[in-house]
Amino acid sequence: MKFKVFNTTLAGLILSATCLVNIANADIIDLNTWSQQGAAGNGNWSVAVDGSSVLQTINGLPSFFVSNESFINKEFSGTFGVETASDDDFMGFVFGYNGLDDFYLFDWKQGAQGSPPQEGFTLSKISAGADVANFNPLWTHSGVGISVIDTDYGSGRGWVDNSTYDFTLGYTDTEINISINGGTFIDEQVFSINNLTNSAGSFGFYNLSQSLVRYSGFEEATCTVDCGKVDIPEPSTLAIFALGLIGLASRRMKK
Ligand SMILES: [Ca+2]
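Residues numbered from 1 in each chain as written. Predicted model: local features only at pLDDT ≥ 70, side-chain atom pairs only at ≥ 80, totals over all residues. Heavy atoms only, no water.

1. Concerning the coordination of the calcium ion
Heads up, the rule is: Metal coordination here is assigned from N, O and S atoms located within 2.8 Å of the ion, or within 3.2 Å for Na, K and Ca; omission of water means that sites may look incomplete. Labels for metal geometry use angle windows, namely 85 to 135 degrees for all angles of a four-donor tetrahedral site, and for square planar (four donors) or octahedral (six donors) sites opposite donors over 155 degrees apart plus all others within 65 to 115; sites meeting none of these are irregular. Comment: elements are numbered from the N terminus, with helices defined as DSSP H or I runs of at least four residues and strands as E runs of at least two. When accessible area is computed with a 1.4 Å probe and restricted to protein chains, residues below 20% of their type maximum are described as buried, those above 50% as exposed, and intermediate ones as partly exposed.
Coordination of the calcium ion by the protein comes from N59 (OD1), D87 (OD), D87 (OD), D89 (OD), S209 (O) and S209 (OG), over a distance range of 2.3 to 3.0 Å. Taken together, the six donor atoms coordinating the calcium ion span angles of 46 to 151 degrees at the metal, a pattern that classifies the geometry as irregular. In primary-sequence terms, the residues that donate to the calcium ion follow N-x27-D-x1-D-x119-S. On the criterion of sequence distance, the pair formed by N59 in the loop between β4 (53–56) and β5 (63–66) and S209 in the loop between β14 (202–208) and β15 (213–222) is long-range, its members being 150 residues apart. Accessibility expressed as a relative area gives 47% for N59, which makes it partly exposed.

Laid out in structure tokens, this is it:
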């Protein structure tokens, strides 16, 4: 009996400590401090009074809504989704943003529309010479200054109307890790890229030819290890943990 109580208590304490560490480090992002980038007419980013969410209402050319603050070695999380069934285009995120010719773009299209664009996710690096003011370069992910880093395309990889998804991004000196949770995506690691040379920059939201996209409850937390990675304990870790518990318990039992 002693064994059981001790075991449960120890596991509970470890779990509580882990949760407390995660919560303590998260800072809520106030979207009232953010600003629209790109031509003013391309988007209408309407921020809730409390700064916790924003709704973009224009079906237009590329539009960006980005933080005033510059970030690196951070984990970002929040929810997003489209609140209409009338369109199937792009929504997404920018990070490491230092102007319209220097940023990473993660975008997500509901439906294929020729090839390109395809249904699913694209991670791109936007550099000098990119024309992100017009429709075609970002619609096709091609042209000067647009370099596709990774893609995840296919049937069922698009977003679904009137659904919300949890987004998590780890952005560090060397890594980009992105996961999506919601609908048929269950804590799915969509992209995990390393060996990068990243710079600090703004974090922000992106729409192209898609209206009624809402982003809400975004937080940022300082992070240096496994940032944005889906939390699946490795078998070896579990085995060591279990052995440790057995060891501790047997020592206690012998007393
Ligand atoms: Ca559209």
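2. A few points about the packing of aromatic side chains
For the record, the criterion: For this analysis, a ring pair means two rings from Phe, Tyr or Trp (six-membered ring only for Trp) whose centres lie within 6.5 Å, classed as stacked if their planes differ by under 30 degrees, edge-to-face if by over 60, and tilted for the remaining angles.
Within this structure, the stated rule accounts for 41 aromatic pairs. With a centroid separation of 5.6 Å and an interplanar angle of 85 degrees, the aromatic rings of F90 and W139 are classed as edge-to-face. Taken together, the positions of F90 in strand β7 (residues 90–97) and W139 in helix α2 (residues 135–140) put the pair 49 residues apart, joining distant regions of the chain. Its relative accessible area of 10% is what places W139 among the buried residues.

3. Some points on the state of the cysteines
Test applied: Count a disulfide wherever a pair of cysteine sulfur atoms falls within 2.5 Å.
Scanning the entire structure with this criterion turns up one disulfide. Two residues, C223 and C227, share a disulfide whose sulfurs are 2.2 Å apart. What sets the handedness of the C223 and C227 disulfide is the S-S torsion sign, and at about -105 degrees it is left-handed. On the basis of relative accessible area, C227 is assigned to the buried category, the value being 1%.

4. Focus: the sheet that holds strand β8 (residues 103–109)
Strand pairing in a sheet relies on backbone hydrogen bonds, with the paired strands running either antiparallel or parallel. Which entries qualify depends on this criterion: Pairs of strands are assigned from DSSP output, requiring at least two bridges between the strands. Working convention: axes come from line fits to C-alpha atoms, limited for helices to the stretch in contact. Angles between N-to-C directions cover 0 to 180 degrees.
In space, the seven strands of this open sheet follow the order β2-β5-β14-β7-β8-β9-β10, with antiparallel pairing throughout. In this open sheet, the two edge strands, each paired with only one partner strand, are β2 (35–37) and β10 (146–153). Between one strand and the next, the sheet's axes are offset by a mean angle of 20 degrees, whatever the strand orientation. Pairing of strand β9 (residues 120–126) with β10 involves seven bridges; the strand directions are antiparallel. The residue bridging I126 from the neighbouring strand is I146, located in β10.

5. Details of the nonpolar core
Stated formally: For this analysis, a nonpolar core means a set of buried residues of the types Ala, Val, Leu, Ile, Met, Phe, Trp, Tyr and Cys, connected via side-chain atoms within 4.5 Å. Only heavy atoms enter the contact rule, under which two residues are in contact if any of them lie within 4.5 Å.
By size, the foremost hydrophobic cluster in this structure holds 36 residues, and its most contacted members are F95, F106, F167, I180, F203, F205 and Y215. With near-sequence residues (within four places) excluded, F167 lies in contact with F76, S77, G78, F80, F93, F106, I178, S179, I180, F203 and F218. One finds V94, I126, W139 and Y206 within the second-largest nonpolar core, a separate group that totals 15 residues.

6. Focus: the pairing of strand β6 (residues 74–82)
In this structure, β6 lies alongside strand β11 (residues 164–171), joined through eight bridges in antiparallel fashion. Opposite G81, over in β11, you have T164 as the bridge partner. In this structure, β6 lies alongside β15, joined through eight bridges in antiparallel fashion. From the neighbouring strand, E75 faces β15, where its bridge partner is A221.

7. Some words on the side chain of E119
The test is simple: By the counting scheme adopted, Arg and Lys are positive, Glu and Asp are negative, and His together with the chain ends is not counted. Salt bridges are defined as contacts in which a side-chain nitrogen from Lys or Arg sits within 4 Å of a carboxyl oxygen from Asp or Glu. Under this definition, polar contacts are N or O atom pairs within 3.5 Å; protein pairs additionally need one hydrogen-donor-capable and one acceptor-capable atom, and for neighbouring residues in sequence, both atoms have to be side-chain atoms.
Residue position: E119 is located in the loop between β8 and β9. Buried within the structure, E119 lacks any salt-bridge partner; its nearest side chain of opposite charge belongs to R157, at an N-O separation of 7.5 Å. In terms of polar contacts, E119 uses its side chain to reach the backbone amide nitrogen of G156, at 2.8 Å. A distance of 2.9 Å separates the side chain of E119 from the backbone nitrogen of G158, its partner in a polar contact. Among all residues touching E119, those that are not within four sequence positions of it are K109, Q110, G111, A112, D152, Y153, G154, S155, G156, R157 and G158.

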